[in-house]
Amino acid sequence: MLNPERYLVTSALPYANGPLHIGHLSGAYLSADIFVRFLRLMDKDVVFVCGSDENGAAITMRAKKEGIQPQEIIDKYHNQFTQAFDKMGISFDVYHRTSSELHKETAQDFFLDLYKKGVFQEIDSEQYYDEKAKQFLADRYIMGTCPKCGHTEAYGDQCEKCGSTLSPLELINPISTLTQEKPILKKTKHWYLPLNKYENWLNSFIVDGELDNTYHHDATKWKNHVIGQCKSWLDGGLQPRAMTRDLDWGVDVPHEIKDSEGKKLYVWMDAPIGYISATKYWAETNNTDWKPYWQDQDTALIHFIGKDNIVFHCLIFPSILKAKENYILPINVPANQFMNLEGNKISTSKNWAVWVNEYISDFPENIDELRYNLIKNMPEHKDSEFTWKNFQETNNNELVNNIGNFVNRVIVLTNKYYNGIVPEFDQDSMFKGVWDEDFGGFHETEILSLHDELQDLNSYLRKYEFRAALKTLMNISAKGNQLLQFNEPWKLIKEDPESVKAIMNLALQIVNVLSVVLFPFLPFTSAKLRKILNLTEITGKGELLELLDELALGELPLETGHKINKAQHLFSKIEDNVIQKQIDKLKKSHKIVDLKITEPESDNLMEKKAIKDIINFDDFAKLDLRTGTIKAAEKVKKADKLLKLTIDLGDDERTVASGIAMHYTPEEIIGKQVVLLANLEPRKIRGIKSQGMILMAEGSDGKLSFINTDMKIENGSSIN
RNA sequence: GGCGUGGUAGCUCAGCUGGUUAGAGCGCAGGAUUCAUAAUCCUGAGGUCGGCAGUUCAAGCCUGCCUCACGCUACCA
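Residues numbered from 1 in each chain as written. Chains lettered and ligands numbered in written order. Predicted model: local features only at pLDDT ≥ 70, side-chain atom pairs only at ≥ 80, totals over all residues. Heavy atoms only, no water.

With that out of the way, let us pick up the sheet that holds strand 6 (residues 142-145). Strands belonging to one sheet form pairs held by backbone hydrogen bonds; the direction of such a pair is parallel or antiparallel. Judged by pairing direction, the sheet is antiparallel, and its three strands sit side by side in the order 7-6-8 without closing on themselves. Each edge of the open sheet carries a strand with a single partner, namely strand 7 (154-155) and strand 8 (172-176). Pairing of strand 6 with strand 8 involves three bridges; the strand directions are antiparallel. Across the sheet, residue Met143 finds its bridge partner in strand 8, namely Ile175. (Pairing = 2+ DSSP bridges. Helix = DSSP H or I, 4+ residues; strand = E, 2+ residues; numbered from the N terminus.)

Tracing the chain through its elements places His96 in strand 3 (residues 94-97). Ignoring sequence-local partners within four residues, the contact set of His96 consists of Cys50, Gly51, Ser52, His78, Leu102, His103, Ser277, Ala278 and Tyr281. (Contact = heavy atoms within 4.5 Å.)

The next subject is the nonpolar core. Ranked by internal contacts, the top residues of the largest apolar core, which has 181 residues, are Trp294 and Phe386. Broken down by element, the residue count for this core peaks at 16 residues, all from helix 17 (residues 497-521). (Core = buried A, V, L, I, M, F, W, Y, C linked by side-chain atoms within 4.5 Å. Buried < 20%, exposed > 50% of the residue type's maximum accessible area, 1.4 Å probe, protein only.)

Right, let's talk about the packing of helix 14 (residues 443-462) against helix 15 (residues 466-487) for a bit. With their axes 8 Å apart at the nearest point, helix 14 and helix 15 run at an angle of 165° to one another. Considering their axes alone, helix 14 and helix 15 lie roughly antiparallel with respect to each other. Every pair of crossing elements has a handedness; the one defined by helix 14 and helix 15 is left-handed. Facing Leu450, Glu453, Leu454, Asp456, Leu457, Tyr460 and Leu461 of helix 14, the residues of helix 15 in contact are Phe466, Ala468, Ala469, Thr472, Leu473, Asn475 and Ile476. Here the contact of helix 14 with helix 15 is built from residues that sort into 10 nonpolar, two polar and two charged. (Axes fitted to C-alpha atoms, helices over the stretch in contact; angles between N-to-C directions. Parallel < 35°, antiparallel > 145°, perpendicular 65-115°, else oblique. Left-handed = near helix turned anticlockwise from the far one by under 90°. Nonpolar A, V, L, I, M, F, W, Y, C, P; charged D, E, K, R; others polar.)

For the rest of this paragraph, the subject is unusual backbone geometry. A positive phi angle is found at Tyr464, which is not glycine, with a value near 65°. Here Tyr464 shows up in the loop between helix 14 and helix 15. Judged by relative accessible area, Tyr464 falls into the buried class, the value being 10%. Look at Asn534: it is not a glycine, yet its phi comes out positive at around 60°. Relative to the helices and strands, Asn534 is located in the loop between helix 18 (523-532) and helix 19 (543-552).

For the coordinates displayed, the defined rule picks out 33 aromatic pairs. Measuring from ring centre to ring centre gives 6.3 Å for Tyr77 and Phe81, while their planes differ by 40°; the resulting arrangement is tilted. Placement of both Tyr77 and Phe81 in helix 3 (residues 70-87) is noted, with a separation of four residues, approximately one turn of the helix. Residue Tyr77 is classed as buried on the basis of its relative accessible area, which comes to 5%. On the basis of an interplanar angle of 75° and a centroid distance of 5.9 Å, the ring pair of Tyr266 and Trp268 is categorised as edge-to-face. Taking the relative accessible area as the measure of exposure, Tyr266 reaches 21% and is therefore partly exposed. Three or more aromatic residues joined by ring pairs make a cluster, and in this case those are Tyr7, Phe35, Phe304, Tyr464 and Phe466. Lying over the aromatic face of Tyr293, Arg6 brings its terminal NZ or CZ to 5.8 Å of the ring centre. (Phe/Tyr/Trp six-rings, centres within 6.5 Å; stacked < 30°, edge-to-face > 60°. Lys NZ or Arg CZ within 6 Å of the ring centre and 35° of its normal.)

Two strands pair when backbone bridges link them, and strand 23 (residues 643-648) and strand 24 (residues 653-658) are joined in this way by six bridges, in the antiparallel orientation. Residue pairing in the sheet places Leu645 in a bridge with Val656 of strand 24. Here strand 23 hands over to strand 24 after four residues, with Gly650 in that stretch at a positive phi of 85°.

Once that is clear, we can look at the pattern of salt bridges. Applying the stated rule across the entire model yields 26 salt bridges. The partner of Asp75 in a salt bridge is Arg97, with the nearest N and O atoms 2.8 Å apart. Taken together, the residues Asp75 in helix 3 and Arg97 in strand 3 connect sequence positions 22 residues apart. Across the pair Lys585 and Asp362 runs a salt bridge, and its minimum N-O distance is 2.7 Å. Residue Lys585 is located in helix 20 (residues 576-596), and its partner Asp362 is located in helix 11 (residues 356-362); the two are separated by 223 residues in the primary sequence. Here Lys585 falls in the partly exposed class, since its relative accessible area comes to 33%. A cluster of three or more residues bridged by salt bridges with shared partners is formed by Asp113, Lys117, Lys324 and Glu325. (Salt bridge = Lys/Arg side-chain N within 4 Å of Asp/Glu carboxyl O.)

What follows concerns the side chain of Asn336. Structurally, Asn336 can be placed in the loop between strand 16 (330-332) and strand 17 (339-341). For Asn336, the side chain forms a polar contact with the main-chain oxygen of Ser26, separated by 3.0 Å. Engagement of the side chain of Asn336 in a polar contact is seen with the backbone oxygen of Gly27, the distance being 2.9 Å. Setting aside chain neighbours within four positions, we find Asn336 in contact with Ser26, Gly27, Ser31, Lys223, His225, Ile305, Gly306, Lys307, Met378, Pro379 and Glu380. (Polar contact = N/O pair within 3.5 Å; in protein donor to acceptor, adjacent residues only side chain to side chain.)

And the structure:
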């Protein structure tokens, strides 16, 4: 599709469960916004959709924790998101929400249609059910001991301590967080999308860019890490995925379907359809038809996301659309990697982040300055890093000194020499050119070079190379500075005022060009500059296309005789103390959480591990507990968490594999006295025959500690 | 351990299907200049392209092994 008739651009739906940080912006929103603004400048038909993802168990969890209704949570974050995106200049055509009726209908229609087509596999499985609360438990409503790291407060879907993905059935001692009761296993039915059936089809879509042996898109233009991750999944073989869950907050599985009571659509069947419902909402409010944007083959669909969403948007959602039939698929998914902050990963729970709403209130006049830095460091191909120091440097050295200064010198000189009137000039005037020094400069040839430069910028943006495009923009302004420096109009004005007119006119043309191409990147600065130039604001109605045409024809976009306004600074320097304050703030808030780590995680509803069922003395007597000393310890190869220990039990010696490598190094535990459960059935772990188990106490932060005797006691002593 | 992505000047990164003395921006050093927010312009220093081996007339780019970072995954009574 070389020249699509229209574009539909999406940004990942943010989850209405916590505030936005700069990582979100640099991942899925800024890139999409630049692209969309660019398309508008080129007079393309484009719709930019997004919205809040407001369903799922995590929202009810949070509501419960804060003691308010889920609706209040989603309203709070939805409003916060709307405001943050608006202030940051993210120019969605529609920002919708998945709690709306329109979305529910859309998602349900989708599901019902797939159901009627017989796409789903109905699978009965056993799931945890809370008899007291009379409901099936979502993964998030079950807590228990993580089978992988032993963390006692792991959720049914994930252990936040070791980060592993779990299924509720794996949890040891599961507890319902609703009632603190032990849940029972009960049969439940769910509908699965047989992704395995789409494997070949997906493979040619991803690897060759072909759909049913027909060209769809240029797969070589997709980012390596996107194709790489998809291939990795495809090579591993896809499994059917449940499209429904036993949840209490979300879109109901259509009631027409048997056994659908109490079941909700899972996020796969919910969030991406939010793009479609958002488009419908946009069409309704604009009195137009949504269908061409999702069903016409001449529409280019582009998903902007972070790397965590690749599989979702490249494999699962396309499969759903394929099953639905007559929907178009993305021509590209330019996923970004992650942005780190001051040497560490951005983390919401550790409060290591620059929050968008806080930035907005701390720097209400410096929105474009943040946009600039985030674009300059956008993690397009690998993880990148934001530092406040770098933020200050790019602002002071590039925005203020390069572009801001150039614009200012031109405006000041124009006002000084020509009373703010764009001067007429002689086309034959010659001066020192900046694009092609060999031939010397004529106004006309320089304008053509400027035109070429804009074409470069244009092609970078088409390729989603936003860093390179931004650099081209800065290069135009650097050329402007050279033009002034090479020709020194402040000297020349005395000897050759006619050439100065040509030079200044050219400089003004460059400034005018900047006011247009700034629009996708720094929209607020663009508007400010247009005011200084006494021109109408750029709104994205084909202005760049028009500009390119005029330049190619040798016409002057900024007409001679036009009167500009007085000079005004586009940017101002950011001082050290301001930056230091932000760094201090970041470190301080981080520390507070550090202290908290020793307390129970605030997210956990279950404060303490429940006492287990009563056992009788005989049960206890079965345990043979012995003291022992660690004689040797070594890391088990090919396993991150395992240590192979040799325990001295006096007259006996045991080999034990223990999952403590994340907590202790082999060196530091040799010689330590421990308590061993000596009559545990031996088990082979990673090729090692493990004969027993070391007793460990686990703190609420998940830290492990050896159980020890009060005083030194001989090895092999029994414990009662 | 498996899979994926990345490891290029002090910092942040470009380097297309392998082809002459490896590039940019920032920082640094020296010089020029004053219209401009002590801004600008010029020049320069600085890299055995993560390591080792191989394929080739020729490798930053291809192959193998190793290593480090990040992500997914596995082991972890």
